[in-house]
Amino acid sequence: MMALPGGRHLDSMPLPGQRLHLMQVDSVQRWMEDLKLMTECECMCVLQAKPISLEEDAQGDLILAGGPSLGDPLQLLLKRGWVISTELRRIGQKLAQDRWARVHSMSVRLTCHARSMVSEYSTGSRSSSQEMGQIEKLLMEKCSELSAVTERCLQVENEHVLKSMKACVSDTLSTLGQHFSQLLELALTREVQALVRKIDASDNIYTTESTTGNLFSLTQEGAALCRIIAKEGGVVALFKVCRQDSFRCLYPQALRTLASICCVEEGVHQLEKVDGVLCLADILTDDSHSEATRAEAAAVVAQVTSPHLPFTQHLSSFLESMEEIVTALVKLCQEASSGEVFLLASAALANITFFDTMACEMLLQLNAIRVLLEACSDKQRVDTPYTRDQIVTILANMSVLEQCASDIIQENGVQLIMGMLSEKPRSGTPAEVAACERVQQKAAVTLARLSRDPEVAREAVRLSCMSRLIELCRSPSERNSSDAVLVACLLSSSPFWELLMGTVWRQKQQVLHSDTPVLVLPLRSCVTLGCSA
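For clarity, every value in this text was computed on a predicted model and none was experimentally measured. Per-chain numbering applies: the sequence of each chain, read as written, is numbered from 1 onward. Note on the predicted model: pLDDT of at least 70 is required for a residue's local features to be given, and 80 or more for side-chain atom pairs to be given and counted; whole-chain, interface and lining totals, by contrast, use all residues. Heavy atoms from the whole structure form the basis of all side-chain values; hydrogens and water molecules are not counted.

Here we look at the overall build of the protein chain
At step 1: Assigned secondary structure in the protein chain consists of 25 helices and four strands.
At step 2: Using a 1.4 Å probe on the protein chains alone, a residue whose accessible area is under 20% of its type maximum counts as buried, one over 50% counts as exposed, and one in between counts as partly exposed. A burial count over the protein chain gives 50% of its 533 residues as buried.
At step 3: Partitioning the intrachain contacts of the protein chain with sequence separation of at least 6 by distance along the chain shows that 69% fall at a separation of at least 24. A run of DSSP states H or I qualifies as a helix once it reaches four residues; a run of E qualifies as a strand once it reaches two. Both are numbered from the N-terminal end. Between two residues, a contact is recorded if the distance between any of their heavy atoms is within 4.5 Å.

See the structure below:
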């Protein structure tokens, strides 16, 4: 899935910073928040006047510190869950290295964390259910068992005995992890249920805003929580918000949360059940909604039409509203006031061209080529390789239509596509480099498809397209050492090669059968490719 600036994720691009799975907060800010909850075990030992561990990796041990800042039971649960998950992983690593002293000390600490999690959640949240009580009991029993067996391992010197005990410790650790996962899922499910009920029942704008924000924060914790939210009615509750005029100012926040939830199959299914596509179409086609609201609706459309998610291809309700949605998205691209709005709208259009072939014909009728190519010269709307990736994706998919070539020529599109063959990353980040590679690859494919039209092929040759394709093939640095770009360029050179060879052959025939001097086309391009005329 493609990431967008600000943590956005869209799927026509395995985008960097794909929107739906990335944290919405800056990484440094997230680290500073974690510091409130984490301290180094070594420091705690010094403060308590205990011996400092001689283990070289002891400084990496983390414990969760309590304090008045931990007033939110849900956030505390997530933090505690993260610490326990980390401890379980580290214990597994030390066990594989036969570091028994470390395994035991970490097992004791794990037991403390588990006991604290159970106690804190019971104190700060609702009374536990019978099922949760049973799992809590099993978890604590396994924690005690792990501590006891690892302590016995410290006293054993026989390697054969230790080997058999190691298998026992591994099984205990695995079972403990399963109980922990079950308990955490149950607790999170109950918290999600409470948030959804609160959104569903609230008629207060401030309460709904706060609760929706909490739900959005949970979606950023990963696909597992998105599945829980979808199963517990989160999609239904959020679309209820998006259908109330009194909550219009909350539409962007609710739609952003919906886009995150719809990265999982359960979310898309729930969206279809509540006629979510129809609601999105109504928002996109209603000019009374703010640009921010329509942009977030476009982001949801981009997510649910993602070509990288197999379950979105069966979204039958989308076809009924596709013409309205495509028309609204083209208009949003044309009127976008910022690069982010244009990116979201163009990404939705790019995904729709994969979703259904009729979309390309609709775009042709709506003069989308002119809108997109005009935007390329507007730095306010198109200023990143991620946006150009969306544009060239749409052009590549539309280029299968014969009429597309004449529109490209009319709008001076060949030169713009040629420029995309020289796309270079500014920052050098892996995400941006990958985006530039996709732009180059798709630009080459687009030129190859369009060059079925002789007029496009001649224009491309006039603009030295062959020289650029040869340069991309010969110089790995020009294509960021991408094999995909290399293959695309080799395939794209074929129609131009045919054009060049045909011209050379015709000129030779003229020389042979005429007394009139004729300027023969230079064969440098042919020789460069390793061929002879």
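Next, the rest of the story.
A closer look at the side chain of Ser 147
At step 1: Checked against the element boundaries, Ser 147 lands in helix 5 (residues 130-155).
At step 2: Counted as a polar contact is a pair of N or O atoms within 3.5 Å, where, for protein atoms, one must be capable of donating a hydrogen and the other of accepting one, and residues adjacent in sequence contribute only when both atoms are in side chains. There is a polar contact of 3.1 Å between the side chain of Ser 147 and the side chain of Thr 111.
At step 3: Here Ser 147 is in contact with His 104, Ser 107, Val 108 and Thr 111, once residues within four sequence places are set aside.

Details of helix 10 (residues 251-261)
At step 1: Among the 11 residues in helix 10, 10 count as buried, and that is most of the element.
At step 2: What helix 10 keeps buried is the set Tyr 251, Pro 252, Gln 253, Ala 254, Leu 255, Thr 257, Leu 258, Ala 259, Ser 260 and Ile 261.
At step 3: The inward-facing, buried residues of helix 10 abut helix 7 (205-219), helix 8 (223-231), helix 9 (234-241), helix 11 (265-273), helix 12 (276-285) and helix 13 (291-304).

A word on a nonpolar patch on the surface
At step 1: Every patch collects residues that have over 30% relative accessible area and no salt bridge, joining them within 9 Å if they carry like charges and within 5 Å if they are nonpolar side chains (Val, Leu, Ile, Met, Phe, Trp, Tyr). To measure how exposed things are, a 1.4 Å probe is used in the Shrake-Rupley method; for residues, cover is taken only from the protein chains shown. We define a salt bridge as a contact between a side-chain nitrogen of Lys or Arg and a carboxyl oxygen of Asp or Glu at a distance within 4 Å. A surface patch of nonpolar side chains, about 340 Å² in accessible area, is lined by Val 28, Trp 31 and Met 32.
At step 2: Topologically, Trp 31 is positioned in helix 1 (residues 27-35).
At step 3: Taking the relative accessible area as the measure of exposure, Trp 31 reaches 51% and is therefore exposed.

Points about the packing of aromatic side chains
At step 1: Between the rings of Phe, Tyr and Trp (Trp by its six-membered ring), a pair exists once the centres lie within 6.5 Å; its type follows the angle of the planes, with under 30 degrees stacked, over 60 edge-to-face, and the other angles tilted. Here the structure, examined in full by the defined rule, presents one aromatic pair.
At step 2: A ring pair is formed by Phe 318 and Phe 355, whose centres lie 5.1 Å apart and whose planes are at 80 degrees; its orientation type is edge-to-face. A residue pair is termed long-range when its members are at least 10 positions apart, and Phe 318 in helix 14 (residues 316-335) and Phe 355 in helix 15 (residues 339-355) qualify at 37 residues. Accessibility assignment for this pair places Phe 318 and Phe 355 in one class, buried.

Re the packing of helix 12 against helix 13
At step 1: Between the N-to-C directions of two axes lies an angle of 0 to 180 degrees, each axis being a line fitted to C-alpha atoms and, for a helix, fitted only over the stretch in contact. Interhelical geometry of helix 12 versus helix 13 gives an angle of 145 degrees and a closest axis separation of 9 Å. Where helix 12 crosses over helix 13, the handedness of that crossing is left-handed. Touching Leu 280, Ile 283 and Leu 284 of helix 12 are Thr 293, Arg 294, Ala 297, Ala 298, Val 300 and Val 301, all from helix 13.
At step 2: Residues are sorted three ways: Asp, Glu, Lys and Arg are charged, Ala, Val, Leu, Ile, Met, Phe, Trp, Tyr, Cys and Pro are nonpolar, and all the rest, Gly among them, are polar. A class-by-class count of the residues in the contact of helix 12 with helix 13 yields seven nonpolar, one polar and one charged. Each crossing gets its handedness from the near helix: less than a right angle anticlockwise from the far helix is left-handed, clockwise is right-handed.

Things to note about the pattern of salt bridges
At step 1: For the structure on display, the rule yields 19 salt bridges.
At step 2: As a salt-bridge pair, Glu 471 and Arg 468 come within 2.9 Å of each other at their nearest N and O atoms. One end of the pair is Glu 471 and the other is Arg 468, both in helix 23 (residues 465-474) and three residues apart, which spans about a single turn.

With respect to helix 18 (residues 385-398)
At step 1: The end-to-end C-alpha distance of helix 18 is 20 Å, a good match for the 20 Å that 14 residues give at a rise of 1.5 Å each.
At step 2: With 14 of 14 residues buried, helix 18 is to be regarded as a mostly interior element. By definition here, a helix of n residues has an expected span of 1.5 Å times n minus one.

Details of the confidence of the model for the protein chain
A low pLDDT score tells you not to read the predicted coordinates there in detail.
At step 1: What pLDDT conveys is the predictor's confidence in a given residue, as a value from 0 to 100. Counting all residues, the mean pLDDT for the protein chain is 80, and 78% of those residues have values of 70 or more.
At step 2: In this model residues 9-24 is a low-confidence stretch, pLDDT under 50, and it forms 111 contacts with partners more than four residues away in sequence or in other chains.
At step 3: Counting contacts from residues 65-71, a segment whose pLDDT is below 50, to residues more than four positions away or on other chains yields six contacts.

So, unusual backbone geometry
At step 1: Not every positive phi belongs to a glycine, and Asp 98 is a case in point at roughly 60 degrees.
At step 2: Backbone geometry places Asp 275, a non-glycine residue, at a positive phi of 55 degrees.
At step 3: In this structure, Asp 275 sits in the loop between helix 11 and helix 12.
At step 4: Note on Asp 275: relative accessible area 47%, which makes it partly exposed.

Things to note about the packing of helix 17 (residues 368-376) against helix 18
At step 1: It is the contact of helix 17 with helix 18, at a shortest axis distance of 11 Å, that shows an interaxial angle of 150 degrees. Handedness of the helix 17/helix 18 crossing: left-handed. Only Ile 391, Ile 394, Leu 395 and Met 398 of helix 18 make contact with helix 17, whose side of the interface consists of Ile 369, Leu 372, Leu 373 and Cys 376.
At step 2: Among the residues forming the contact of helix 17 with helix 18, the class breakdown is eight nonpolar, no polar and no charged.

Focus: the state of the cysteines
At step 1: Cysteine sulfur pairs qualify as disulfides if the two atoms are within 2.5 Å. In total, this model carries zero disulfides according to the counting rule given.
At step 2: Free cysteine Cys 242: the closest other cysteine sulfur is in Cys 279, separated by 5.5 Å.
At step 3: Distance from the sulfur of Cys 473, which forms no disulfide, to the nearest cysteine sulfur (Cys 489) is 5.0 Å.

Observations concerning the environment of Val 192
At step 1: Within the fold, Val 192 resides in helix 6 (residues 159-201).
At step 2: A residue is classified by how much of its surface remains accessible, and Val 192, at 0% relative accessible area, is buried.
At step 3: Measuring from C-alpha to C-alpha, the distance between Val 192 and Ile 228 comes to 7.5 Å, with 36 residues separating the pair along the chain.

Observations regarding the environment of Val 264
At step 1: Note on placement: Val 264 falls in the loop between helix 10 and helix 11.
At step 2: Contact partners of Val 264, with chain neighbours within four places excluded, come to Ala 223, Cys 226, Arg 227 and Phe 311.

Considering the side chain of Thr 446
At step 1: As for its position among the elements, Thr 446 is in helix 21 (residues 430-450).
At step 2: Aside from chain neighbours lying at most four places away, what touches Thr 446 is Val 392, Leu 395, Ala 396, Ser 399 and Ile 417.

Some details on the environment of Ala 328
At step 1: In this fold, Ala 328 is placed in helix 14.
At step 2: Taking relative accessible area as the criterion, Ala 328 reaches 10% and is therefore assigned buried.
At step 3: Along the primary structure Ala 328 and Ile 283 are separated by 45 residues, whereas in three dimensions their C-alpha atoms are 9.5 Å apart.
At step 4: If near-sequence neighbours (up to four positions away) are discounted, Ala 328 is found in contact with Leu 284 and Thr 285.

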